[in-house]
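# Coordinate inspection notes
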Amino acid sequence: LIIFFKTGNVLSKDSIFNVNNIEIIKKSNASNQEMANQAIKMGFELLKKKILLHTDFKKLSELSFLEIKELVSYYQVQNLSKKLKNQELFIYNISFDKDKLHNLFYINNIAYAEITNKEIFLLPIFLKNNEINVYNNNYFYEKWNLNSENKLVEFILPLENIETIQKINSQKNDLFNLDLKNLYPEYNGKNLALIFIEDNNSKSEKIFLKTNFLEKNIDKSLSIKRSSLNQEQFYAKIIKVVNEELISLLKLQNLIDIKTPSFLNTKFKVNSKNNLVDLKERIKKIDLIDQIYVQKFNKDFVILKIKYLGKLEKIIKQLENQKIFLKLNGDEWSIKLV
């Protein structure tokens, strides 16, 4: 008889609370503990950037290192020799404890982002000298992903397509009302973004964003100051600011509120293909499932009560990723392993 009440994520590479590939170069006389502490500090900062909104950073600014260290469940380290100046390079993987983080977020009234679809299909349209530049003569289309430090989201620029140009030209007098889904029907259900960048050689330029994340349309305008930057530097600044804004908008659509969990009752048939041990091991890999309670148990089936965070659609998708299929028959949910 296996009864389990709580899920865990030990050594789960897919957990959003893991921060991997933190590089630390060993300084002379630095102890292993000092290097590990440095990696933990860097890991926590990277974790905040990955799952929190900028507006919530300040809420955790007063945490001491001892408090941050208490959030770590384990870390792994690998020593790699570096040819340059005989330096030693250490790679750290830090795993933060999900339950401790949940408690921290609950106390500080912080919602965090669980982004499962990390691809954004975007097309920057460059408006200059009364011309609409889509693919050709478009600095932003050519340079968007060059020298990008972003590791959270993958920005994908579509290949040149004559039909896309025709659709844009047919609506050139009303560009801001272009329909993203109509523009890119082949990317239905994906994260989509259309960026209008106008260069009037003024002190600040207006940027307009049209996005569709999780089937929700979000429009936003930005004003970016040129300052004393040359054209190359200013255009690079535009790309950086827009990328940060897109990531922020994507986080907003994927926020998880610790204070508002949901519950789902489901039947799990017990047989040679469906067993609780296998189910438990698969569910361990799903961060959004907080707890599971056994409501009823007999030789044929188990009634489980699942406590989860976020939207049901996202839980169903994450269950499917672990080959766990949730199905609604009438008014009763059932779980099946594949």
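In this report, the structure presented in the accompanying data block is examined. Values in this document were obtained by computation on a predicted structure and should not be read as measured data. In this convention, every chain numbers its residues from 1, walking through the sequence in written order. It should be noted that, the model being predicted, local features are given only for residues of pLDDT at least 70 and side-chain atom pairs only at 80 or more, the latter also being counted only at that level, while totals for whole chains, interfaces and linings use all residues. Hydrogens and water molecules were not included; the side-chain quantities draw on all heavy atoms of the structure.

This part takes up the overall build of the protein. Within the protein, the secondary structure is distributed over 9 helices and 16 strands. Of all 338 residues assigned to the protein, the portion counted as buried reaches 43%. Working rule for contacts: check all heavy atoms of both residues, and any pair within 4.5 Å makes them a contact. In the protein, the share of contacts with a sequence separation of at least 24, taken over all contacts with a separation of at least 6, comes to 65%. Here the protein displays about 19600 Å² of accessible surface, and carbon together with sulfur accounts for 48% of that area. In this charge count, Lys and Arg are treated as positive and Asp and Glu as negative; neither His nor the chain ends contribute. For charged residues, the charge sits on one atom: NZ in Lys, CZ in Arg, CG in Asp, CD in Glu. Computed over 52 positive and 40 negative side-chain charges, the inter-centroid distance for the protein is 4 Å. Numbering of helices and strands starts at the N terminus; helices are DSSP runs of H or I of at least 4 residues and strands are runs of E of at least 2. Relative accessibility under 20% of the residue-type maximum defines a buried residue, over 50% an exposed one, and the middle range a partly exposed one, all with a 1.4 Å probe and only protein chains included. Methods summary: accessible areas were calculated by the Shrake-Rupley approach with a probe of 1.4 Å, and residue burial reflects only the protein chains presented.

We note that Asn129 has phi near 55°; this positive angle belongs to a residue other than glycine. Take Asn129: it is sitting in the loop between β5 (119-128) and β6 (131-133). Phi angles above zero are rare outside glycine, and Glu215 is one such case at about 65°. Among the secondary structure elements, Glu215 is positioned in the loop between β9 (204-213) and β10 (216-225). The class for Glu215 is partly exposed, based on a relative accessible area of 46%.

Between its terminal C-alpha atoms helix α1 (residues 32-51) stretches 28 Å, which fits the 28 Å expected from 20 residues at 1.5 Å a residue. Every buried residue of α1 is accounted for by Met35, Ala36, Asn37, Ala39, Ile40, Gly43, Phe44, Leu47, Lys48 and Ile51. Multiply 1.5 Å by the residue count of a helix minus one, and that product is the helix's expected span.

Before going further, it helps to spend a moment on the environment of Ile335. Along the polypeptide, Ile335 turns up in strand β16 (residues 332-337). Residues Ile335 and Lys323 lie 12 residues apart in sequence; the distance between their C-alpha atoms is 10 Å.

Let us look at the packing of aromatic side chains. Aromatic rings considered in pairs are described by the distance between their centres and by the relative angle of their planes. Think of it this way: a Phe, Tyr or Trp ring, Trp meaning its six-membered ring, pairs with another when their centres are within 6.5 Å, and the plane angle makes it stacked under 30 degrees, edge-to-face over 60, tilted otherwise. Taken as a whole, this structure holds 16 aromatic pairs when the rule is applied. Measuring from ring centre to ring centre gives 6.0 Å for Tyr75 and Tyr92, while their planes differ by 45°; the resulting arrangement is tilted. Of this pair, Tyr75 sits in strand β2 (residues 72-81) while Tyr92 sits in strand β3 (residues 88-96), placing them 17 residues apart in sequence. With relative accessibility at 3%, the residue Tyr92 sits in the buried group. For the pair Phe105 and Tyr112, a centre-to-centre distance of 5.6 Å together with 40° between the ring planes defines the contact as tilted. The residues Phe105 and Tyr112 share a single accessibility class, namely buried. Taken together, Phe126, Tyr139, Phe140, Phe234 and Tyr235 form an aromatic cluster joined through their ring pairs. Taking the ring centre of Tyr106 as reference, the NZ or CZ of Lys259 above it sits at 5.2 Å. For a Lys NZ or an Arg CZ to count as sitting over a ring, it must be within 6 Å of the ring centre and within 35 degrees of the ring normal.

Moving on, we get to the nonpolar core. To define a nonpolar core, start from buried Ala, Val, Leu, Ile, Met, Phe, Trp, Tyr and Cys residues and group those joined through side-chain atoms within 4.5 Å. Ranked by internal contacts, the top residues of the largest apolar core, which has 51 residues, are Tyr92, Phe96, Phe105, Tyr112, Leu279 and Ile289. Considering every element that reaches this core, the biggest residue donor is α1, with 7 residues. Those residues in contact with Tyr92 that lie beyond four places of it in its chain are Val19, Asn20, Asn21, Ile22, Ile24, Asn32, Met35, Ala36, Ala39, Tyr75, Gln76 and Val77. If you look at the next biggest cluster of nonpolar residues, it comprises 48 residues, including Trp144, Phe196, Phe234 and Ile239.

Turning our attention to the pattern of salt bridges. In what follows, salt bridge is the name for a side-chain nitrogen of Lys or Arg lying within 4 Å of a carboxyl oxygen of Asp or Glu. On inspection of all chains with the given rule, the structure shows 13 salt bridges. For Lys59, the salt bridge identified is with Asp56, shortest N-O distance 3.2 Å. Residue Lys59 is classed as partly exposed on the basis of its relative accessible area, which comes to 37%. Lys210 serves as the salt-bridge partner of Asp219, at 3.8 Å between the closest nitrogen and oxygen. When its relative accessible area of 45% is taken as the criterion, Asp219 is described as partly exposed. A single network of salt bridges, built from pairs that share partners, joins Lys128, Asp199, Glu205 and Arg226.

What follows is about empty space enclosed by the protein. With a 1 Å grid spanning the protein atoms alone, the term cavity applies to any set of points in which a 1.4 Å probe fits but cannot get out, the term pocket to an open set with protein on both sides within 12 Å along at least five of seven lines, and the term lining residue to any residue with an atom within 4 Å of a point. Grid points are joined across faces, edges and corners, and a volume is the space filled by probe spheres set on the points. Here the structure, examined in full by the defined rule, presents 2 cavities of 30 Å³ or more. Volume-wise, the largest cavity comes out at about 40 Å³. Lining of the largest cavity is provided by Ile16, Lys50, Ile51, Ala113, Ile115, Lys118 and Leu152. Among the residues making up the lining of the largest cavity, the classes are represented as 5 nonpolar, no polar and 2 charged. When residues are grouped by polarity, Ala, Val, Leu, Ile, Met, Phe, Trp, Tyr, Cys and Pro land in nonpolar, Asp, Glu, Lys and Arg in charged, and all others, Gly among them, in polar.

Within the secondary structure, Ile286 sits in the loop between α8 (276-283) and β13 (289-297). Sequence-wise, Ile286 and Asn321 are 35 residues apart; in three dimensions their C-alpha atoms are separated by 9.4 Å.

A few words now on helix α3 (residues 98-107). Residues three or four positions apart in an α-helix share a direction because the helix packs 3.6 residues into each turn. Listed in full, the buried residues belonging to α3 are Lys98, Leu101, His102, Leu104 and Phe105. Seen end-on, α3 carries its buried residues on one side only, within an arc spanning 160°. Looking at the buried positions of α3, the neighbouring elements they touch are α1, β3, β4 (112-113) and β13. With its phi angle positive at about 55°, Asn109 sits one or two positions after the end of α3. Arc, as used here, means the arc of the directions from the helix axis to the C-beta atoms.

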